[in-house]
Amino acid sequence: LPLDMIGMKKVQGGGLKDTELVLGVAFKKTFSYAGFEMQPKNYTKPKLAMLNIELELKAERDNAEVRIDNVQEYQSIVDAEWKILYDKLDKIHASGAKVVLSKLPIGDVATQYFADRDMFCA
């Protein structure tokens with residue numbers, strides 16, 4: 001392994017004897033969220049999905065303006081927002097990806113969806 005391919009990450013706490021070489025890529029998770037504990041933590045040669053989209057409900061709401069006249073219309077809009085999110089999640093799962101990385105937020109619903117399917121997301 002070329003020396004310029006080795007990165008060193010200093011993490012608060014622990015001692016010199018806690019140091020280890022990770023053959024692959026390591027992600028430091030400084031927070032936890034719904035479904036995180038259930039996600040697998042180790043993969044060998046996984047298929048990656050690299051995204052630049054938000055995977056949460058509010059993202060769909062922020063991208064549209066809708067005018068409604070009654071409660072039934074509102075419910076159909078809410079149902080459509082859920083369908084859009086689940087369609088995206090289903091397509092990512094169908095791609096065969098085991099690791100999903102996104103520059104934009106991945107919400108609790110998506111995290112739980114991936115965890116239920118043995119997928120990791122960050």
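Numbering of residues starts from 1 in every chain and runs along the sequence as written. Reporting of local features is limited, given that this is a predicted model, to residues whose pLDDT is at least 70; pairs of side-chain atoms are given and counted only at 80 or more, and all residues count toward the totals for whole chains, interfaces and linings. Values reported for side chains reflect all heavy atoms of the structure, with hydrogen atoms and water molecules removed beforehand.

Novice: Please set out unusual backbone geometry residue by residue, giving values where relevant.
Specialist: Comment: phi is negative for the bulk of residues other than glycine, and the bulk of peptide bonds are trans. In this structure, Lys45 takes a positive phi of about 50° despite not being glycine. The helix and strand labels rest on DSSP assignments: H or I over at least four residues marks a helix, E over at least two residues marks a strand, and numbering proceeds from the N terminus. Looking at the element boundaries, Lys45 is found in the segment before strand 1 (48-51). With phi around 55°, Asp118 is a residue other than glycine that occupies positive phi space. One can find Asp118 in the loop between helix 3 (108-116) and strand 3 (120-121).

Novice: Give me the pattern of salt bridges: which residues, what numbers.
Specialist: Salt bridges are counted wherever a side-chain nitrogen of Lys or Arg sits within 4 Å of a carboxyl oxygen of Asp or Glu. For the structure on display, the rule yields one salt bridge. Here Asp87 makes a salt bridge to Lys83, at a shortest N to O gap of 2.8 Å. Of this pair, Asp87 and Lys83 are both found in helix 2 (residues 71-94), four residues apart, which corresponds to roughly one turn of the helix. The classification of residues rests on relative accessible area computed with a 1.4 Å probe and restricted to protein chains. Under 20% of the type maximum is buried, over 50% is exposed, and intermediate values are partly exposed. Asp87 sits in the partly exposed class, given a relative accessible area of 31%.

Novice: Before we move on, can you summarise the nonpolar core with the specific residues and values?
Specialist: Put simply, a nonpolar core is a bunch of buried Ala, Val, Leu, Ile, Met, Phe, Trp, Tyr and Cys residues held in one set by side-chain atoms that sit within 4.5 Å of each other. Leu55, Leu89, Ile92, Val100, Ile106 and Phe114 are the most contacted members of the largest nonpolar core, which has 15 residues in total. Those elements giving two or more residues to this core turn out to be strand 1, helix 2 and helix 3.

Novice: Quick rundown of the environment of Leu57? Include the residues and the values.
Specialist: In this structure, Leu57 sits in helix 1 (residues 57-62). In the structure, Leu57 is positioned 49 residues away from Ile106 in sequence and 9.8 Å away in space, judged by C-alpha atoms.

Novice: Account for the confidence of the model for the protein, naming residues and giving values.
Specialist: When pLDDT drops low, the exact placement of atoms in the prediction is not to be read closely. Think of pLDDT as the predictor's per-residue confidence, scored from 0 to 100. With 82% of its residues at a pLDDT of 70 or more, the protein has an overall mean of 82. Within the protein, helix 1 has the poorest average pLDDT of any element, 65, and strand 1 the best, 94.

Novice: Talk me through the side chain of Thr111; I want residue IDs and the actual numbers.
Specialist: By secondary structure assignment, the location of Thr111 is in helix 3. In protein, a polar contact requires one atom able to donate a hydrogen and another able to accept it; more generally it is a pair of N or O atoms within 3.5 Å, and residues adjacent in sequence count only if both atoms are side-chain atoms. Polar side-chain contacts of Thr111 include one of 2.9 Å to the backbone oxygen of Gly107.

Novice: Which residues make up the sheet that holds strand 3, and what values do they have?
Specialist: Here, strands pair whenever DSSP counts at least two bridges between them. Pairing in this open sheet of three strands is parallel, and the strands run 1-2-3 from one edge to the other. Strands with a single pairing partner mark the edges of an open sheet, and in this sheet they are strand 1 and strand 3. As defined by bridge partners, strand 1 adjoins strand 2 (residues 99-102) across four bridges and the pair is classed as parallel. From the neighbouring strand, Leu48 faces strand 2, where its bridge partner is Val99.

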